[in-house]
Amino acid sequence: MREYDLLVDGETLSRSETATVRDPSSNQPVASIALADESDVASAVAAADSAFEEWRTVDPVTRGHHLRDVADELRARKTEIAERHTEETGRSLSDSARSVEYAAEYFEYYAGLTHRITGETVPLSHEEFDYTRREPLGVTGHIIPWNSPLLLGSRSIAPALACGNTVVAKPAQLAPMAVHELGRAASDAGLPDGVLNIVSGRGSTAGEALVTNDRISELTFTGSKAVGLHIRESVSDRLIPLNLELGGKSPNIVFADADQEAAAEGAVKLFNNAGQSCYAGTRLFVADGIYDEFIDRVVSRVEAMNVQRDPNETDVSALISPSAQSEVASYVDSAREAGGSISAGGRIPFEEGNFYEPTVIEDVPDDAAVSCEEIFGPVLTVYRFDSEREVVERANDTEYGLYAGVWTSDLDRANRIADHLEAGTVTVNNYASPIPQVPFPAYKQSGIGSEYATAALHHYTKVKNVRMSVDRTLR
Ligand code: TAP
C-alpha cells in the first residue's frame with residue numbers, strides 16, 4: 001500500500017484519518033490517502049494566501065519557467081505517475097502515460113502565455129491616459145473529479161498559476177494519487193512553497209470547507225450537476241468567479257454522405273475510458289438511408305472489443321467503482337424496459353472488477369432515461385433520422401450542451417448544422433478530444449466559466465482600469 005499525505009505550504013502532513021484507494025480492475029486496495037478536515041483546508045488556504053503575496057509579483061517570464069519546470073518534471077516521472085494513474089482509474093498504462101503527457105502539455109502551453117496576459121490602452125481626450133491591466137484573483141480552489149484526474153486537474157491548475165494565482169486543490173477520493181503526484185512533481189521542480197497545495201478529503205468535509213472558505217477568490221469544479229449546483233448555491237453570497245464543468249449528453253450525427261469508416265471510428269471513441277468522459281458522443285444519430293449499413297459497422301467494431309481483467313489488455317477499462325457499475329447496469333435494464341433492443345453488450349462480463357461490456361442500444365425513445373441522463377459508462381444509444389431540421393431539434397433536446405459531432409462531406413451542411421447546434425464545441429468529421437489550444441465552452445446545463453486556451457487567462461484574472469489626467473504641454 002502506498003501512502004499519500006496532504007501537501008500544505010510545501011510540507012507533507014500525515015493524518016490519522018485516511019481513506020483506501022482501490023484499483024477499479026480488481027477492487028484491491030492500492031493506497032492509503034490522508035483525509036483533510038476543515039482546519040487542514042483552512043491552513044492550506046492560509047498558506048496559499050501568504051504565498052500569493054510573493055507569487056503575484058514574480059515576473060511573467062520566471063513564472064513561465066516555473067511552469068515549464070513542472071512540465072519537465074512530469075515527463076521525467078511519466079512511468080511512475082502513469083502507474084499510479086492506472087492503479088486508481090483502471091485505465092491502461094499507455095493511456096495513463098498519455099494523460100501525463102497531456103498534463104505536461106497544459107503546463108507548457110500556459111508557460112508560453114504568461115507574458116501574453118496583457119491589458120489595453122483606451123484612447124480618451126488629450127488630457128487623459130487610460131490603460132487596463134489583468135491582475136490575478138488570489139487563492140483559487142480546484143475540486144477535481146476521478147474520471148481523468150491528472151488531466152482535468154492540470155487544465156485548471158496550470159492557467160491559474162500562469163496568471164499569478166495560488167492554488168488549493170481537492171482531488172476526488174476515488175482517484176487522488178495522480179494529483180498528489182503532480183503536487184510532488186511541482187514541489188521538486190521548485191515551485192515555491194504554498195503556491196500549490198493538495199488537500200485530499202471527502203467532498204462533504206474538505207470539499208465543503210474549500211467552497212465555504214471566504215479567502216477563496218475563485219472556484220473551479222468539474223463533476224456532477226447536482227454538486228455543481230450545490231456549490232453555486234454555497235457561494236451565492238460571495239461574488240467570486242466560478243468555473244463549473246458539469247457533463248454532457250452529446251449528439252454525434254452521421255449524414256448519408258459521410259465517410260462511414262471514419263464516422264464509425266468516431267462513434268466508438270465513446271468507449272474510451274469506459275465512457276466516463278463528459279464530452280463523449282453518447283447519442284448517435286444516423287441518417288435513415290444508411291442506418292442499417294452504418295450500425296453494422298459500429299456493432300462489428302464493438303463486438304470485436306475484448307473486455308479483460310488486465311487494464312493493459314482490455315479494450316474497455318473498468319468503471320471507477322462497484323456503484324458506478326451497478327448504475328450502468330440499471331440504466332441498461334431501464335432501456336430494455338423502455339423497449340430498447342441491445343445490439344451489442346448489455347452485461348457485466350465477469351465478477352472481478354467493475355467492468356461492463358461495451359453496449360449499443362437501438363430503438364429507445366428520445367425521452368427514455370438512457371436518452372436524457374448522463375450515464376457515464378460504455379453505453380451508446382442510437383437513433384434514426386430523416387432531415388437536418390429534425391436531427392437538430394432532437395440533438396438539442398437535452399439539458400446539456402457541451403460537445404457535438406457532425407459527419408458529412410458537404411461543408412455547407414456542416415456549417416448549417418454547427419450554426420444550429422446548442423453545444424460549446426461542434427466537431428466536424430473528427431470527434432476530436434479537447435486540447436489546451438482550443439476553447440472548451442459549455443452551453444446550457446453543461447456549465448459556466450471558461451476553460452482552455454486564452455479564455456482561461458481571462459477567467460483567472462480580473463481587469464483593473466487606470467485612468468489618469470496627463471499634462472502633455474512641453475516645458
Ligand atoms: P461528484 O460527486 O460531483 O464529485 C466530483 C468532485 O466533487 C469530487 O472531488 C467530490 O469529492 C467533490 N464533491 C462532492 N461533494 C462535494 C461537496 N458537497 N462540496 C465540494 N465538493 C464535493 O461526482 P461523482 O459522484 O464522482 O460522479 C457522479 C456523476 O458525476 C458521474 O456519474 C457523472 O455523471 C458526473 N461526473 C462528471 C464529470 C465531468 S468531467 N463533468 C466528472 C466526474 C463525474 P469526493 O472525493 O468526496 O467524491
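That block above? That's the structure.
Residues numbered from 1 in each chain as written. Predicted model: local features only at pLDDT ≥ 70, side-chain atom pairs only at ≥ 80, totals over all residues. Heavy atoms only, no water.

Q: Looking at this structure, I do not really get the site of the ligand. What am I missing?
A: Around the ligand there are 25 residues in total, and Trp146, Gln173, Gly203, Glu208 and Ser224 lie nearest to it. Here an oxygen atom of the ligand and a backbone polar atom of glycine 203 are 2.7 Å apart. The side chain of glutamate 208 places a nitrogen or oxygen atom 2.8 Å from a nitrogen atom of the ligand. When residues of the shell around the ligand are traced back to their parent elements, those giving at least two are helix H7 (203-212), strand S11 (216-222) and helix H8 (225-234). No other element matches the three residues that H7 contributes to the shell around the ligand. Classifying every residue of the shell around the ligand gives ten nonpolar, ten polar and five charged. (Near = heavy atom within 4 Å. Polar contact = N/O pair within 3.5 Å; in protein donor to acceptor, adjacent residues only side chain to side chain. Helix = DSSP H or I, 4+ residues; strand = E, 2+ residues; numbered from the N terminus. Nonpolar A, V, L, I, M, F, W, Y, C, P; charged D, E, K, R; others polar.)

Q: How should I be thinking about the nonpolar core in this particular structure?
A: Most often, soluble globular proteins have nonpolar side chains that are buried together. In terms of nonpolar packing, the biggest core is built from 111 residues, with Leu74, Phe107 and Phe294 touching the most fellow members. A total of eight residues in this core trace back to one element, the largest contributor, which is helix H5 (residues 149-162). Both domains that meet at this core, namely domain 1 (2-246 + 446-465) and domain 2 (251-428), each give it at least three residues. With near-sequence residues (within four places) excluded, phenylalanine 294 lies in contact with Val254, Gln260, Ala263, Ala264, Leu284 and Val286. (Core = buried A, V, L, I, M, F, W, Y, C linked by side-chain atoms within 4.5 Å. Buried < 20%, exposed > 50% of the residue type's maximum accessible area, 1.4 Å probe, protein only. Domains from an automatic or database assignment. Contact = heavy atoms within 4.5 Å.)

Q: Which parts of the structure should I look at to understand the pattern of salt bridges?
A: Oppositely charged side chains can form a pair if their charged atoms are brought close together. Under the criterion given, the structure shown has 36 salt bridges. Residue aspartate 257 is joined to arginine 413 by a salt bridge in which the shortest nitrogen-to-oxygen separation is 3.3 Å. Within this pair, whereas aspartate 257 is found in the loop between strand S13 (251-254) and helix H9 (260-268), its partner arginine 413 is found in helix H14 (residues 411-420), the two being separated by 156 residues in sequence. A relative accessible area of 28% means that aspartate 257 is categorised as partly exposed. Between arginine 384 and aspartate 292 there is a salt bridge whose closest N-O contact spans 3.7 Å. On the criterion of sequence distance, the pair formed by arginine 384 in strand S17 (residues 379-385) and aspartate 292 in helix H10 (residues 291-303) is long-range, its members being 92 residues apart. The exposed category is assigned to aspartate 292, whose relative accessible area is 52%. (Salt bridge = Lys/Arg side-chain N within 4 Å of Asp/Glu carboxyl O.)

Q: Is there a simple way to explain the sheet that holds strand S1 (residues 2-4) in this structure?
A: As a general point, the strands of a sheet are linked pairwise by backbone hydrogen bonds and lie either parallel or antiparallel. Here we have three strands laid out as an open sheet, ordered S1-S5-S4, and mixed in their pairing. The strands lining the two open edges of the sheet, one partner per strand, are S1 and strand S4 (18-22). Looking at each pair of strands side by side, their axes are set apart by 25 degrees on average, direction ignored. Pairing of S1 with strand S5 (residues 29-34) involves three bridges; the strand directions are parallel. For tyrosine 4, the partnering residue across the bridge sits in S5 and is isoleucine 33. Relative to S1, helix H6 (residues 177-188) is tilted by about 65 degrees, and along the sheet it contacts S1, S4 and S5. (Pairing = 2+ DSSP bridges. Axes fitted to C-alpha atoms, helices over the stretch in contact; angles between N-to-C directions.)

Q: Explain the packing of aromatic side chains to me, please; I cannot follow it from the model alone.
A: Pairs of aromatic rings are described using the distance from one ring centre to the other and the angle between the two planes. Within the structure shown, the criterion is met by eleven aromatic pairs. When the ring of tyrosine 106 is compared with that of tyrosine 452, the centres are 5.6 Å apart and the planes differ by 70 degrees; the resulting orientation is edge-to-face. One end of the pair, tyrosine 106, is in helix H4 (residues 93-111); the other, tyrosine 452, is in the loop between strand S22 (447-448) and helix H15 (455-459), and 346 residues separate them in sequence. You'll find tyrosine 106 and tyrosine 452 in the same group, each marked buried. Measuring from centroid to centroid gives 5.6 Å for tyrosine 403 and tyrosine 431, while their planes differ by 55 degrees, and the two rings are tilted. Remark: tyrosine 431 occurs in the loop between strand S20 (425-428) and strand S21 (443-444) and tyrosine 403 occurs in strand S19 (residues 403-407); sequence separation between them is 28 residues. For the pair shown, tyrosine 403 and tyrosine 431 are each scored as buried. (Phe/Tyr/Trp six-rings, centres within 6.5 Å; stacked < 30°, edge-to-face > 60°.)

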